[in-house]
Amino acid sequence: QKEVEQNSGPLSVPEGAIASLNCTYSDRGSQSFFWYRQYSGKSPELIMFIYSNGDKEDGRFTAQLNKASQYVSLLIRDSQPSDSATYLCAVKEQAGTALIFGKGTTLSVSS
Amino acid sequence: DTAVSQTPKYLVTQMGNDKSIKCEQNLGHDTMYWYKQDSKKFLKIMFSYNNKELIINETVPNRFSPKSPDKAHLNLHINSLELGDSAVYFCASSLSPQGRSYNEQFFGPGTRLTVL
């Protein structure tokens with residue numbers, strides 16, 4: 001059973017702080033890793049994807065991947081109240097397979 | 001110019017009924033998906049079609065039957081609805097899966113199904 005684990009939260013951070021979201025996965029064959037953001041009542045939208053070990057930065061967001069530890073994280077710098085949402089970690093084994101999602105971490109950024 | 005659209009947005013029905021949800025994408029993608037998100041927000045793949053061919057068929061009751069008349073449409077028909085079918089159903093699409101495991105999946109707005 002391939003699993004993706006996330007702390008459900010809620011994770012509460014003050015405005016301007018760094019939010020750190022973590023995810024572990026069970027399948028060592030996983031090749032691609034995704035972070036989706038989902039606002040309440042809305043559909044998931046892709047924030048970042050990463051497929052090589054190390055860091056990948058895009059604006060205020062940094063994804064970090066450590067395949068040896070089967071760990072992927074998302075850092076949100078200068079957190080804003082508009083970042084308050086559920087963040088879904090998803091992994092993909094290879095092309096042609098489906099995304100396997102974690103249960104999401106709820107982030108709350110207070111002003 | 002909606003990328004992935006679903007109808008209806010809300011669906012309330014009685015146990016035992018049969019219902020359909022429709023999905024259309026105008027992104028020119030080859031691959032479409034159906035996901036189910038339960039009350040605990042857990043999002044799980046149900047089916048995937050690539051160029052009208054079924055490529056992913058997870059452990060889903062056979063009361064659920066997907067149909068893809070062309071690569072821009074993927075419909076989901078559910079027979080004999082049960083209380084446990086209540087959830088939000090998301091359609092998604094992406095470019096062909098061949099060669100690139102990180103093709104982004106674009107999600108539709110979701111259909112909230114409530115079975116009474």
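K.L.:
Even after reading the chapter, I still don't get the overall build of chain A, so can you show me in this structure?
P.N.:
Scanning chain A for helices and strands turns up zero helices and eleven strands. Reading the secondary structure of chain A in the N-to-C direction produces β-β-β-β-β-β-β-β-β-β-β. A compact globule built from 111 residues would reach a C-alpha radius of gyration of about 13 Å, and chain A, at 13 Å, matches this within 12%. For the C-alpha atoms alone, the extent of chain A along its principal axes is close to 40 × 30 × 20 Å. For chain A, buried positions account for 43% of its 111 residues. Across chain A, the fraction of contacts at a sequence separation of at least 24, relative to all contacts at a separation of at least 6, is 53%. In the structure as shown, chain A presents an accessible area of about 5100 Å², 45% of it carried by carbon and sulfur atoms. Taken as two groups, the 10 positive and 11 negative side-chain charges of chain A have centres that lie 5 Å from each other.

K.L.:
Just checking my understanding: could you explain the state of the cysteines for this structure?
P.N.:
By definition, a disulfide links the sulfur atoms of two cysteine residues through a covalent bond. As enumerated under the stated definition, the model contains two disulfides over all chains in all. Here Cys23 of chain A engages in a disulfide with Cys89 of chain A; their sulfurs sit 2.1 Å apart. Around the S-S axis, the bridge from Cys23 of chain A to Cys89 of chain A shows a dihedral of about -70° and counts as left-handed. Here the residue Cys23 of chain A occupies a position in strand E3 (residues 19–25), and Cys89 of chain A occupies one in strand E9 (residues 85–92), the gap between them amounting to 66 residues. Exposure remark for Cys89 of chain A: the relative accessible area of 0% places this residue in the buried category. With a sulfur-sulfur separation of 1.9 Å, Cys23 of chain B is cross-linked through a disulfide to Cys91 of chain B. Between Cys23 of chain B and Cys91 of chain B, the S-S dihedral sits near -75°, and the bridge is therefore left-handed. Taken together, the positions of Cys23 of chain B in strand E3 (residues 19–25) and Cys91 of chain B in strand E9 (residues 87–94) put the pair 68 residues apart, joining distant regions of the chain. On the basis of relative accessibility, which here comes to 0%, the residue Cys91 of chain B falls in the buried class.

K.L.:
Could you clarify how one ought to interpret the layout of surface pockets in this entry?
P.N.:
Where empty space is left becomes clear once a probe the size of a water molecule has been rolled over the atoms. Reported here for the largest pocket is a volume of approximately 540 Å³. Lining the largest pocket are 21 residues, with Gln1, Lys2 and Ile100 of chain A together with Phe42 and Lys44 of chain B sitting closest to its centre. The residue inventory of the lining of the largest pocket, partitioned by class, reads nine nonpolar, five polar and seven charged. Estimates place the volume of the second largest pocket at around 350 Å³. Lining the second largest pocket are 23 residues, and of these Gly41 of chain A together with Gln37, Lys41, Val88 and Arg112 of chain B lie nearest its centre.

K.L.:
Mind showing me how you'd approach the interface of chain B and chain A here?
P.N.:
It is common to report an interface's size as the accessible area lost on association of the parts. Contact with chain B, which involves 23 residues of that partner, is made by 22 residues of chain A. Across the interface of chain B and chain A, roughly 1800 Å² is buried in total on both sides, 60% from carbon and sulfur atoms. Here chain B is connected to chain A by zero salt bridges. In this structure, the connection of chain B to chain A is made through three residue pairs in polar contact (both at pLDDT 80 or more). With three residues, strand E4 (residues 31–37) of chain B is the single largest residue contributor to the side of chain B that touches chain A. Of the residues that constitute the side of chain B that touches chain A, the class distribution is twelve nonpolar, seven polar and four charged.

K.L.:
Honestly, the pattern of salt bridges in this entry has me stumped. Any pointers?
P.N.:
When charged atoms on two side chains of opposite charge get close, those side chains can pair. Following the criterion strictly, the structure yields six salt bridges over all chains and no others. Here Glu45 of chain A makes a salt bridge to Arg37 of chain A, at a shortest N to O gap of 3.2 Å. In this structure Glu45 of chain A comes out as partly exposed when scored by relative accessible area, which is 35%. For Arg37 of chain A, a relative accessible area of 16% puts it in the buried group. Between Arg63 of chain B and Asp85 of chain B there is a salt bridge, with the nearest N and O atoms lying 2.8 Å from each other. Note that Arg63 of chain B is positioned in the loop between strand E6 (53–57) and strand E7 (64–70) and Asp85 of chain B in the loop between strand E8 (73–78) and E9, a separation of 22 residues in sequence. By the burial criterion, Arg63 of chain B is buried, and Asp85 of chain B matches it.

Each value, and the rule that gives it
- Residues numbered from 1 in each chain as written.
- Chains lettered and ligands numbered in written order.
- Predicted model: local features only at pLDDT ≥ 70, side-chain atom pairs only at ≥ 80, totals over all residues.
- Heavy atoms only, no water.
- Helix = DSSP H or I, 4+ residues; strand = E, 2+ residues; numbered from the N terminus.
- Rg over C-alpha atoms; globule rule 2.2 N^0.38 Å.
- Buried < 20%, exposed > 50% of the residue type's maximum accessible area, 1.4 Å probe, protein only.
- Contact = heavy atoms within 4.5 Å.
- Areas by Shrake-Rupley, 256 points an atom, 1.4 Å probe, with all protein chains shown as cover.
- Lys, Arg positive; Asp, Glu negative; His and termini not counted.
- Charge placed at Lys NZ, Arg CZ, Asp CG, Glu CD.
- Disulfide = S-S within 2.5 Å.
- 1 Å grid on protein atoms, 1.4 Å probe; cavity = no way out; pocket = protein on both sides within 12 Å on 5 of 7 lines; lining within 4 Å.
- Points joined across faces, edges and corners; volume = space filled by probe spheres on them.
- Nonpolar A, V, L, I, M, F, W, Y, C, P; charged D, E, K, R; others polar.
- Buried area = accessible area lost by both parts, 1.4 Å probe.
- Salt bridge = Lys/Arg side-chain N within 4 Å of Asp/Glu carboxyl O.
- Polar contact = N/O pair within 3.5 Å; in protein donor to acceptor, adjacent residues only side chain to side chain.

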